[in-house]
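Here is what each chain is made of, one letter per residue.
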Amino acid sequence: MLMIENLVKKYGKFTAVNELSFEIPKGHIFGFVGPNGVGKTTTIKIIAGLMKPTAGRVLIEGDDITKNRRKVREKVGYMPDFFGVYDNLKVDEYMDFYCAANRIDVSGRKKIIADLLELVDLSQKRESYVDSLSRGMKQRLCLARSLVHDPAVLILDEPASGLDPRARIEMKEILKALQSMGKTILISSHILPELSELSTSIGIIENGKMVVTGSVQDIMLQTSNKRLLKIEVIDGVETAIKILKEQPAVSEVIRNIDNIEFGIEGDGHTVSDILTELVKNNVKVIYFGERQKNLEDAFMRITKGEEANEA
Amino acid sequence: MKLSVNPVLEKEAKIKMRSWRAPALLSVYLLFLSGLVILYFVSRNLDGYYSNFDPRTALNIYTMLSFFQLGLLIFIIPGLTSAAISGERERQTLDLLLCTRLSSWSVVIGKLTASLSHVMLLIAASIPVFSIVFLYGGISPLDVISVFLFQIVTAFLVGSIGIFFSSLFKRTAVATIVTYTVLLMLVVGTIAGYVFYAVTRHRLLGWYPSFWESLSILSVNPFIGLGALLEKQTGHFGFVSEMLRRHSTNVPHYIEDLPWMINIGFNIVLSVVLLLLSAWLIKPGRR
């Protein structure tokens, strides 16, 4: 459905996107993840037809949209990481304007606007001025706006940024509903737990290159085969850390506010030996268990963030 | 056939007319124009010699109002257009607009027509003030319409300059300052430049610029164009003819038509070029 092939974007000598390739099948939600300034927004703007790639292709349903801007406008719905609103426009006027801008016939607009406002739960706000809406409502309105021409592909740049938990859950539900309607969705987000819950597949980008792609489980397997353990102690934190660091099977000991996390390579015996060693050294352990690995772990392991960008 | 209105024009008209600025601008505009007429009558009445009916009153008021209205429009229009594109950028709505099926040309034209429709409203509102001249005679409605059309063409150029700099610069403040600077060059700079050129040339070479040289430099100035049109309508040869004829021989008899015709042609050609450039500047995928 959406296929990116060897996409390159250069600004002078700086390469923002470097031979980027990935594919999103129809009806899938693809989580596009990466630290700031690694080329996510540039990639998104190329897909949305707002930038020209230096090289490479973007194919939607087989059409190369980098060569045919008209196709982009028909097939792509774009929601940027900000919501541009006009003062003195009501919600239904705002929607009507974007319907008109997308050459939707006047006779069909009323139903489209009603359906979309219903989808994003803003039907009761259609007579309100856009600038009087809450941030979450504006975000939902922006999503509705990007859907007026019924695009096959939706590109969402940080759709949940700045939203409160309730608004984020509502946004998630809407995206699930859109997926069930067969929309192919690309979401760029920094809220990794939600993204891993929502996405069919994930792609992690760094320095303009796709570092890893696949399902959340695949990515976690690809990034590390270590188990993560978490312990909580009421006394002897320093001793515990010292003992853990001395163990050859243990790596990456992290002291959190109320617990210690570490990675371990080995079987149940190795784990049991470590616990025994802690208890023997009078460390008062109140919790010792495995911690579920998540996308954040994989992300932190894969990406180097700003250090990598500076290098 | 269904009439399709440019969506940008429709949206802009809705937004502009809902704001307090539109009626405020209209009121201040009419206050200035009618204030000028009142001042004229007051000054005439203070002079006992002119206190009776004088047919020249119509011509004087008409000329004064026409120049004043042109000046007001040149002053007002950059305020309406220089934020047209940069304002969308600052509001972060330009990308959203360019993602729709509207072409960048449609966006530019929608913005310009929205501003020009505002200008037309100001001009239409000035009709009652201009109608005073009909009480005295000597000026026909066709003359007034010609002046209005000339002013609309000038507004077209001024609006296009505003839109162009609004597309070129990201910040509205920069676009506004540059637009006013360019207009100052067009209005004051052409005359000052011409005078400087004529004097320097006379000192260095011993002769003044030819009629055609003078015409080509001065005719781009909207006030010279309007002056020539008013001279033709009223039959009084004034400063425009004077400037062009002063040091020139072989001056054609149709001289009074040339400056305003050249000015209109210049305005239209430059406007189209600026609008095409503006559309190119904001075209998505250009970067």
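Residues numbered from 1 in each chain as written. Chains lettered and ligands numbered in written order. Predicted model: local features only at pLDDT ≥ 70, side-chain atom pairs only at ≥ 80, totals over all residues. Heavy atoms only, no water.

With respect to the packing of helix α3 (residues 91-101) of chain A against helix α4 (residues 106-119) of chain A
Residue and element names in this part refer to chain A. What counts, and what does not: Axes here mean lines fitted to C-alpha atoms, for a helix over just the part in contact, with angles spanning 0 to 180 degrees between N-to-C directions. Helical segments are the DSSP runs of H or I of at least four residues, strand segments are the runs of E of at least two, and each set is numbered from the N terminus. Roughly parallel means an angle under 35 degrees; roughly antiparallel means over 145; roughly perpendicular covers 65 to 115; every other angle is labelled oblique. Less than a right angle of anticlockwise turn of the near helix away from the far helix marks a crossing as left-handed, whereas a clockwise turn marks it as right-handed. Contacts between residues were defined by any pair of non-hydrogen atoms, one from each residue, lying within 4.5 Å. In the scheme used here, Gly and all other residues not listed as nonpolar or charged are polar, with Ala, Val, Leu, Ile, Met, Phe, Trp, Tyr, Cys and Pro taken as nonpolar and Asp, Glu, Lys and Arg as charged.
The contact between α3 and α4 brings their axes to 10 Å, and the two run at 125°. Considering the angle they form, α3 stands oblique to α4. Crossing angle aside, the handedness with which α3 passes α4 is right-handed. Of α4, the residues touching α3 (which contributes Val91, Asp92, Met95, Asp96, Cys99 and Ala100) are Arg109, Ile112, Ile113, Leu116 and Leu117. Of the residues belonging to the contact of α3 with α4, the class tally is eight nonpolar, no polar and three charged.

So, helix α12 (residues 222-234) of chain B
Structural remark: α-helix, 3.6 residues per turn; residues separated by three or four positions point the same way. Residue and element names in this part refer to chain B. Counted only if it meets this: What a helix is expected to span follows from its residue count: subtract one and scale by 1.5 Å. To sort residues, take the accessible area from a 1.4 Å probe on protein chains only and compare it with the maximum for the residue type: under 20% means buried, over 50% means exposed, and anything in between is partly exposed. As used in this structure description, the phrase polar contact means that two N or O atoms lie within 3.5 Å; if the pair is within protein, one of them must be able to donate a hydrogen and the other to accept it, and residues adjacent in sequence are counted only when both atoms belong to side chains.
An ideal rise of 1.5 Å per residue puts 18 Å on 13 residues; α12 measures up with 18 Å between its terminal C-alpha atoms. For α12, the tally of buried residues reaches eleven of 13 residues, placing the bulk of the element in the interior. Those residues of α12 not exposed but buried are Pro222, Ile224, Gly225, Leu226, Gly227, Ala228, Leu229, Leu230, Glu231, Gln233 and Thr234. The opening residue of α12, the one whose side-chain oxygen lies 2.8 Å from the backbone nitrogen of phenylalanine 223, is asparagine 221. Just downstream of α12, glycine 235 is the residue with a positive phi angle, here 80°.

Details of empty space enclosed by the protein
Stated precisely, the cut-off is as follows: Every definition here rests on a 1 Å grid over the protein atoms only: cavities are sets of points where a 1.4 Å probe fits but cannot get out, pockets are open sets enclosed by protein on both sides within 12 Å along at least five of seven lines, and lining residues have some atom within 4 Å of a point. Grid points are joined across faces, edges and corners, and a volume is the space filled by probe spheres set on the points.
Inspection of every chain in the model, using the stated rule, returns three cavities of 30 Å³ or more. Taken as a whole, the largest cavity encloses approximately 110 Å³ of empty space. Surrounding the largest cavity, Pro159(A), Ala160(A), Arg168(A), Met171(A), Lys172(A), Leu175(A), Ile187(A), Ser189(A), Ile191(A), Glu194(A), Leu195(A) and Leu198(A) form its lining. Among the secondary structure elements, those contributing two or more residues to the lining of the largest cavity are α6 (165-180) and α7 (192-198) of chain A. In terms of residues, the lining of the largest cavity owes the most to one element, α6(A), which gives four residues. Of the residues belonging to the lining of the largest cavity, the class tally is eight nonpolar, one polar and three charged. The volume enclosed by the second largest cavity comes to roughly 80 Å³. If you trace the second largest cavity, you find it lined by Val76(A), Gly77(A), Tyr78(A), Tyr98(A), Asn102(A), Arg145(A), Ser146(A), His149(A), Leu96(B), Cys99(B) and Thr100(B). Taken together, the elements giving at least two residues each to the lining of the second largest cavity come down to β6 (76-79) and α5 (135-146) of chain A.

Here we look at the sheet that holds strand β12 (residues 250-255) of chain A
All names here are of chain A. Going by this rule: Only when DSSP finds a minimum of two bridges between them are two strands counted as paired.
Strand order in the open sheet made by the four strands is β12-β13-β11-β14, with antiparallel pairing throughout. What marks the edges here is a single partner per strand, and that holds for β12 and β14 (284-290). The average angle at which neighbouring strand axes cross in this sheet is 20°, direction not considered. The sheet contact formed by β12 and strand β13 (residues 260-264) spans four bridges and is antiparallel. Its bridge partner lying in β13, isoleucine 254 is registered against glutamate 261. The strands touched by helix α10 (residues 268-280) within the sheet are β11 (227-235), β12, β13 and β14, with β14 carrying the most contacts at an inclination of about 165°.

Describing the interface of chain B and chain A
This is how the line gets drawn: Buried area is calculated as the accessible area (1.4 Å probe) missing from two parts once they are joined, with the contributions of both summed. Salt bridge, as used here, is a side-chain nitrogen of Lys or Arg placed within 4 Å of a carboxyl oxygen of Asp or Glu.
On the side of chain A, 32 residues touch chain B, which itself brings 25 residues to the contact. Together, the buried faces of chain B and chain A total about 2800 Å²; carbon and sulfur atoms form 57% of this surface. Taken together, the links from chain B to chain A amount to two salt bridges. In this structure, Lys45(A) and Asp95(B) form a salt bridge, with 3.3 Å as the shortest nitrogen-oxygen distance. On inspection of chain B and its partner chain A, the count reaches eight residue pairs in polar contact (both at pLDDT 80 or more). It is helix α1 (residues 7-18) of chain B that contributes the most residues to the side of chain B that touches chain A, six residues altogether. Of the residues that constitute the side of chain B that touches chain A, the class distribution is nine nonpolar, seven polar and nine charged.

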